[in-house]
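Given next are the chains, with one letter for each unit.
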Amino acid sequence: MDLIQTALLTLSNPMYAIILALAVYSITRLLSIDSFPPIEKARNWFYDRFPHDGYSSLKRPVRGAWITTGASYHVNLGVWQGELVSCPWCLGWWVSLVGSALFLFWPTVILALCVPFALRVIPGIIESLLH
């Protein structure tokens with residue numbers, strides 16, 4: 001019970017809650033959408049094995065229902081594992097769950113690790129507001 005009380009006491013500061021929320025958004029976006037080469041390569045490797053609805057690839061998917069369109073394959077019916085990664089709502093839930101569990105045990109360390117991820121989204125938010 002002490003872990004939960006410590007975590008809730010830490011979260012009573014609204015700034016910490018905002019940092020965690022922005023970090024969850026940032027990590028979810030990084031894993032599901034962003035084109036950072038190492039993450040994108042890992043995500044494409046995963047999608048080749050567990051495609052989501054609408055996924056297109058030059059490699060024939062291992063699972064799911066697909067059709068050929070020229071030289072590529074288009075997945076009509078993906079598998080649930082691919083949907084969990086491609087859907088920001090689904091992946092956001094899992095990132096939040098892992099982040100919350102880790103926060104219970106190491107609130108200060110997790111907050112310190114979340115600050116760069118939280119700050120990472122600020123330029124994108126400002127850019128989208130200005131344009």
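Predicted model only: the values in this text are computed from it and were never measured.

### Structural notes on the nonpolar core
Argument step 1. Ala-7, Ile-19, Leu-20, Ala-23, Phe-103, Ile-110, Leu-111, Cys-114 and Ala-118 together form the largest nonpolar core, which totals 9 residues.
Argument step 2. For this core, the elements supplying multiple residues, two or more each, are α2 (14–32) and α6 (107–130).
Argument step 3. The dominant element in this core, judged by the number of residues it contributes, is α6, at 4 residues.
Argument step 4. Once residues within four sequence positions are removed from consideration, Leu-111 is found in contact with Thr-10, Tyr-16, Ile-19, Leu-20 and Phe-103.

### Here's the deal with the packing of aromatic side chains
Argument step 1. Counted according to the given criterion, the structure contains 4 aromatic pairs.
Argument step 2. Geometrically, the ring pair formed by Phe-46 and Phe-50 is tilted, given 5.1 Å between the ring centres and 35° between the ring planes.
Argument step 3. Centroid distance Trp-93 to Trp-94: 6.2 Å. Interplanar angle 65°. Geometry classified as edge-to-face.
Argument step 4. You can call Trp-94 partly exposed: its relative accessible area is 41%.

### Description of helix α3 (residues 37–49)
Argument step 1. Taking 1.5 Å of rise per residue, 13 residues should cover 18 Å, and α3 covers 19 Å from first to last C-alpha, within 8% of that figure.
Argument step 2. Within α3, the full set of buried residues consists of Arg-43, Tyr-47 and Asp-48. Relative to the axis of α3, the buried residues are bounded by an arc of 140° and lie together on one face.
Argument step 3. Residues of α3 that are buried in the fold lie against α2, β1 (56–57) and α4 (80–86).

### Considering the pattern of salt bridges
Side-chain pairing between opposite charges can occur once the charged atoms of the two side chains come close.
Argument step 1. One pass over the structure, following the stated rule, counts 2 salt bridges.
Argument step 2. The partner of Arg-29 in a salt bridge is Asp-34, with the nearest N and O atoms 2.9 Å apart.
Argument step 3. Its relative accessible area of 33% is what places Arg-29 among the partly exposed residues.
Argument step 4. Judged by relative accessible area, which is 12%, Asp-34 ranks as buried.
Argument step 5. The partner of Arg-120 in a salt bridge is Asp-34, and the shortest N-O contact between them spans 2.0 Å.

Rules used in this analysis
Residues numbered from 1 in each chain as written. Predicted model: local features only at pLDDT ≥ 70, side-chain atom pairs only at ≥ 80, totals over all residues. Heavy atoms only, no water. Core = buried A, V, L, I, M, F, W, Y, C linked by side-chain atoms within 4.5 Å. Buried < 20%, exposed > 50% of the residue type's maximum accessible area, 1.4 Å probe, protein only. Helix = DSSP H or I, 4+ residues; strand = E, 2+ residues; numbered from the N terminus. Contact = heavy atoms within 4.5 Å. Phe/Tyr/Trp six-rings, centres within 6.5 Å; stacked < 30°, edge-to-face > 60°. Expected span 1.5 Å × (residues − 1). Arc of directions from axis to C-beta. Salt bridge = Lys/Arg side-chain N within 4 Å of Asp/Glu carboxyl O.

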